[in-house]
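If you want the building blocks of each chain, they are given just below.
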Amino acid sequence: MRLNILAFAAGVIALQMQPELPPAWLWALAGLLLALPAIHWRGAWPARVFGVLACLALGFAWAAWRADIRLADALPAAWEGRDIEVVGVVAALPQDFSQGSRFEFAVETVSTATAVVPERIMLSWYQGQRDGEEFVGQPLRPGERWQLTVRLKRPHGNANPNAFDYEAWLLERNIRATGYVRQVPPQRLAEMVWRPDYVIERLRHAVRASFAAMLPAGQYPWAGVLVALAVGDQRAIQGDLWTTFNRTGTTHLMSISGLHVTMFAALFALLAGGVWRRVPVLALRLPAQKAALLAGCLAALFYALLAGFAVPAQRTLYMLLVAALALGSGRIVAPSRTLCLALLVVLLVDPWAVLAAGFWLSFGAVGALLYVGSAVLGEAGGWRQRLRAWGVVQWAATLASLPVLLLILQQFSLVSPLANAIAIPVVSFIVTPLALLAAVIPWWPIAALAHAVLGWLMLFLEWCATWPVWLAPAPPLWAAVVAAVGVAVCLLPRGMPGRLLGFFLLLPTLFWPVERPPEGEAWVTVLDVGQGLAAVVRTREHTLIYDPGPHYSAESDAGQRVVVPYLRSLGIGQVDVMMVTHRDSDHAGGTASVRSALQVDKVFSSTGETNAEPCRAGQRWVWDGVQMEVLHPLADDYDEKRKSNNLSCVLRIEAGGKRLLLTSDIEARDEAALLQRDPAKLAAEVLLVPHHGSRTSSTPEFIAAVGAQHALIPVGYRNRFGHPKAEVLERYEAGGIRVWRSDRDGALRLRLAAGGVDVSAWRDERRRYWQVAR
């Protein structure tokens, strides 16, 4: 059974890697046909082979069928960006951000004639000035029914190498459109829609509000962690705290994990069993042991729902249910079989769970603990043996997480075993019970005690966070799989031969080499950062950032979310030059995040910062045979009163006789000045289109002087400026220039070399079936 479930899981995983959605019925038919010989030769070895293949095909078919149903609930392209009146319910916890609130909305009816809207959408309700319009926010609570006028767009996220896939995340949550609330007067039609899932969400909202009242964020900096432990709202945790948790390997503890659900269920079962035994009438009707099991399962279900039903909570709930059923029926079920059954249920409910790092960390860690459990459970009960068993458990969990962390996050905390040895018991047995007690009994002393204990723990974790972290480039998938095999070999019982081989199998993942351009070549990536610009230029031994990207909100920017993760995935922690072309927030918004996360040796800028050297035409340098030269602005331009765009730093890169012209946001007057000074220097095979394709730039004379073969446009999907303008696109296309757009193609990667210029799009390289054709 276990092998068949793993084969089913492999089929589900395989489907999520497909560029196009295959017909589910064909694979279901193949699975059924393969199952026939498995049934016919039951007991013989061919039956096992056919059975595994049948489960593989059925897992593939199941995931394809579920995906086909979900993708059918789509927003037609014709209704993007148009006003639509809808009636529905606030379906989940609203999340406040600097510009308003964001919430999931379950659409019940569509009032606009002929409009088609998906059943579940994500909406932003802004407040303050936006696009020349005054927005007034409204307090929202889950379960409220509203009539709203909205503008929607199909699911779209930034597409970059080794980055978070926002579109996949939306698909998993069944959110099939995003948008914002228009200022057409909204109406609250009902205070509460009484449906079980809405009641749970309202309860989560009440608990969060209770913590906010008891522990104001200004006075209690760790209050968000308590909210996350009580109701699973990880977004309540401040962004800088995640850095500490990542560096100490304790991220899994700061949300509702399987250990927390198990502890809560066990405590509730213990209390229920004790009460049941003391009431003879109840004990005669149902044995106290079975009553305790039932109470524990109900408690686990309640806590998992209160936590937002994340994958770790699901996995624990299903494992507890299987174990409870087995105990209740008097059967003994192997722990590994229980884990496999939980895996099967998770994938039947949510085939997209395999796309989340939490899925692999959760099942991997529990699998490792079960794998080594037999080696420690039978040992004597002295304190030395118990201490050794605790050490073995920490070693197993840490080692099991290593391949996943290096594949997805490209970092591994060296202090993680020590940090977890202290943090796990403190969080699981002190902080979490107190947080739950404060949720049930909203009394300040309880919440304050939980916060105080957490504060003491944070002092220890902040000290641990100063320890070094293992950073490595993202390894290929095969290396991570080999590392997982190596983990299994390393965790073999003492005395088993070949354990040393496991460490050799870990080496490719731990020491995967940084891929570097050959001498004389330049590799450039124009990252997909939405409406803004961030590009990375690499030579053999050097790295340059050409703009660190836009500022998104008070909580995030492209430097933090895109640029730094991309460089870390390449194994780059030091940047030789960062060029901040001008002060506009869509170009300079990520500056602080990049400088705080990476070592930046030198900064060129036109913003006037004291710790940066001004960009000036004539600045030149050569890296590894690659020539770079600043063409704009002139030194005298700083003395004039100019728009920020007119001071944009223009950089020319030449490698192997092939050239790239990076133009930032220059406008027509700057293009004319460049043409007047030295038009020959503008010639390039690749042009970064000025000002995102605005009509203020890209004059016909400038385009002709550059004579590019490829034009790259960094632009946000359905951005409010309407970039790139149709007439600008026509100018480039009329010249036979191939146009690449980050909103359509994702990150754009090019190689400049003597052999020619190669341009590729990330969405083409890593196509997935859920990506909407643009």
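What counts, and at which threshold
Residues numbered from 1 in each chain as written. Predicted model: local features only at pLDDT ≥ 70, side-chain atom pairs only at ≥ 80, totals over all residues. Heavy atoms only, no water. Pairing = 2+ DSSP bridges. Helix = DSSP H or I, 4+ residues; strand = E, 2+ residues; numbered from the N terminus. Contact = heavy atoms within 4.5 Å. Axes fitted to C-alpha atoms, helices over the stretch in contact; angles between N-to-C directions. Parallel < 35°, antiparallel > 145°, perpendicular 65-115°, else oblique. Nonpolar A, V, L, I, M, F, W, Y, C, P; charged D, E, K, R; others polar. 1 Å grid on protein atoms, 1.4 Å probe; cavity = no way out; pocket = protein on both sides within 12 Å on 5 of 7 lines; lining within 4 Å. Points joined across faces, edges and corners; volume = space filled by probe spheres on them. Buried < 20%, exposed > 50% of the residue type's maximum accessible area, 1.4 Å probe, protein only.

Colleague: How should the sheet that holds strand β16 (residues 599-605) be read in this particular structure?
Modeller: Backbone-to-backbone hydrogen bonds join strands into a sheet, with any given pair of strands oriented parallel or antiparallel. Pairing is mixed across the open sheet formed by 8 strands, whose spatial order is β17-β16-β15-β14-β13-β12-β25-β26. The two strands at the open ends of the sheet, each matched to only one other strand, are β17 (613-614) and β26 (756-761). Relative to strand β14 (residues 543-548), helix α19 (residues 558-569) is tilted by about 165°, and along the sheet it contacts β12 (522-526), β13 (534-538), β14 and β15 (574-580).

Colleague: Just to check I follow, could you spell out the packing of helix α5 (residues 196-214) against helix α15 (residues 416-440) for this structure?
Modeller: For any two helices packed against each other, the geometry is given by the interaxial angle and the distance between the axes. Between α5 and α15, whose axes approach to 9 Å, the crossing angle comes to 100°. With respect to their mutual orientation, α5 and α15 come out roughly perpendicular. Where α5 abuts α15, its residues V207, F211 and M214 lie against A435, A438 and A439. Partitioning the contact of α5 with α15 into residue classes produces 6 nonpolar, no polar and no charged.

Colleague: Any chance you could explain the layout of surface pockets here in plain terms?
Modeller: With a probe scaled to a water molecule rolled over the atoms, the places where space remains empty come into view. Each pocket or cavity is described by its volume, and for the second largest pocket that value is around 520 Å³. If you go around the second largest pocket, you meet 24 residues; those closest to its centre are E515, W523, R538, L570 and R749. If you list the elements that add at least two residues to the lining of the second largest pocket, you get β12, α19, β25 (748-753), β26 and α26 (762-765). Here the residues of the lining of the second largest pocket are counted per class, giving 14 nonpolar, 4 polar and 6 charged.

Colleague: I would appreciate a short explanation of unusual backbone geometry in the present structure.
Modeller: As a rule of thumb, non-glycine residues mostly have phi less than zero, and peptide bonds are mostly trans rather than cis. Cis geometry is adopted by the peptide bond preceding P633, which originates at H632 and carries an omega value of 5°. Within the secondary structure, P633 sits in the loop between β19 (626-632) and β20 (650-655). Of note, the amide linkage connecting H723 to P724 takes the cis form, showing an omega dihedral of -10°. With respect to the helices, strands and loops of the structure, P724 is situated in the loop between β23 (710-713) and α24 (726-734). Even without being glycine, D547 reaches a positive phi, approximately 75°. As for its placement among the helices and strands, D547 is situated in strand β14. On the accessibility criterion, D547 (0% relative accessible area) is buried. For H691, which is not glycine, the phi torsion reads 50° and is therefore positive. Looking at the secondary structure, you find H691 in the loop between β22 (686-688) and α23 (700-706). Residue H691 is classed as buried on the basis of its relative accessible area of 12%.

Fair warning: the whole summary comes from geometry, so function is off the table for now.
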